[in-house]
Every structure is written in C-alpha cells, then in structure tokens.
Amino acid sequence: MSDGLPACPECHEAFTYEQGALLVCPMCGHEWSKDTAETTPETALIKDAVGNVLADGDIVTIVKDLKVKGAGGGVVKVGTKVRGIRLIGDGVGDHDIDATVPGFGRLQLKSGVVKKVL
Ligand SMILES: [Zn+2]
C-alpha cells in the first residue's frame with residue numbers, strides 16, 4: 001500500500017479504501033472513521049536535551065549558557081531552574097518552549113537547551 005491507509009482494525013487486511021469520511025475494509029466490511037484511525041498525533045513530541053518528553057508545567061534546568069537578545073540582554077546561566085514551562089507549536093524559529101526565567105522574565109527557549117527535572 002502506497003497511499004498510507006491503515007490496515008483494517010478488525011481483520012488486519014491491508015485492502016482499506018476511502019469512502020467519504022470513512023475507511024472501509026472490503027474483506028470483512030468493517031467501516032471506521034478516518035479521525036479515530038489516526039492514532040499518532042500530528043504534532044511530534046517535544047523532548048529535552050537528553051530525550052525526556054516534556055509537558056506543560058514541567059520544571060527544567062538550562063543545560064548551556066544562553067545569550068538573551070533584545071532589551072537588557074544578558075546570559076541565562078547553566079543550571080538555571082525554570083518552573084512551569086509551556087510548550088508552544090508556533091515559537092520564533094525553532095523555539096518550542098515558553099517559560100518565565102528567573103531574572104529575565106518570559107522567554108522562548110529551545111527544547112534542546114533544557115533538561116527536565118525528574
Ligand atoms: Zn477487515
């Protein structure tokens with residue numbers, strides 16, 4: 001199958017075809033909706049520097065010095081603890097975390113520069 005349709009959840013045959021909003025299996029007649037067939041979310045998981053999956057509200061530490069651009073400037077030091085991060089899908093560049101960093105206020109961070117506090 002080159003069109004990426006999932007195999008039938010009932011009989012596991014791979015002859016699925018689309019009929020409107022439904023997926024249909026010609027082998028056993030099972031019909032199901034495309035929405036529930038998509039088990040993997042489209043947004044990829046956001047992981048920290050060592051591969052821990054991050055979630056809203058996590059506490060992280062910064063793993064490398066970060067130069068802060070813009071008003072004031074400065075450097076967020078390695079080991080700075082940041083509480084209550086928020087994951088964002090639309091950050092500037094590849095920034096995917098929104099967080100309030102002590103001494104700096106609200107910043108956008110890249111997930112690759114933080115490590116989750118477990
Ligand atoms: Zn089937």
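Residues numbered from 1 in each chain as written. Predicted model: local features only at pLDDT ≥ 70, side-chain atom pairs only at ≥ 80, totals over all residues. Heavy atoms only, no water.

Turning our eyes to something else, we now look at the pattern of salt bridges. Under the definition given, this model contains three salt bridges. We note a salt bridge from lysine 116 to aspartate 58, for which the minimum N-O separation is 3.2 Å. One end of the pair, lysine 116, is in strand 11 (residues 114–116); the other, aspartate 58, is in the loop between helix 1 (34–37) and strand 4 (60–62), with 58 residues separating them in the sequence. Its relative accessible area of 13% is what places aspartate 58 among the buried residues. (Salt bridge = Lys/Arg side-chain N within 4 Å of Asp/Glu carboxyl O. Helix = DSSP H or I, 4+ residues; strand = E, 2+ residues; numbered from the N terminus. Buried < 20%, exposed > 50% of the residue type's maximum accessible area, 1.4 Å probe, protein only.)

With respect to the helices, strands and loops of the structure, glycine 84 is situated in the loop between strand 7 (81–82) and strand 8 (86–87). Considered as a pair, glycine 84 and glycine 57 are 27 residues apart in the sequence and their alpha carbons are 3.8 Å apart. Sequence-distant contacts of glycine 84, that is, excluding residues within four places in its chain, are made with Gly57 and Asp58. (Contact = heavy atoms within 4.5 Å.)

In this structure's numbering, the residues bearing the UniProt feature "domain: Protein YjdM N-terminal" (unreviewed entry) are residues 5–33. Split by type, residues 5–33 is 0% helix and 31% strand. Its first and last C-alpha atoms lie 12 Å apart. (UniProt positions renumbered as here; feature names shortened; annotations may be inferred.)

The strand order across the open sheet formed by three strands is 7-4-11, and the pairing between neighbours is antiparallel. Both outer strands of the open sheet, strand 7 and strand 11, are each paired with one neighbouring strand and no more. (Pairing = 2+ DSSP bridges.)

Right, let's get into the coordination of the zinc ion. The protein atoms donating to the zinc ion are Cys8 (SG), Cys11 (SG), Cys25 (SG) and Cys28 (SG), with metal-donor distances spanning 2.3 Å. Viewed at the metal, the four donor atoms of the zinc ion are separated by angles of 104 to 116°, and the geometry they form is tetrahedral. On the primary sequence, the residues serving as donors to the zinc ion are separated as C-x2-C-x13-C-x2-C. Cysteine 8 sits in the buried class, given a relative accessible area of 1%. (Donors = N, O, S within 2.8 Å, 3.2 Å for Na, K, Ca; no water. Tetrahedral: all angles 85-135°; square planar, octahedral: opposite > 155°, others 65-115°.)

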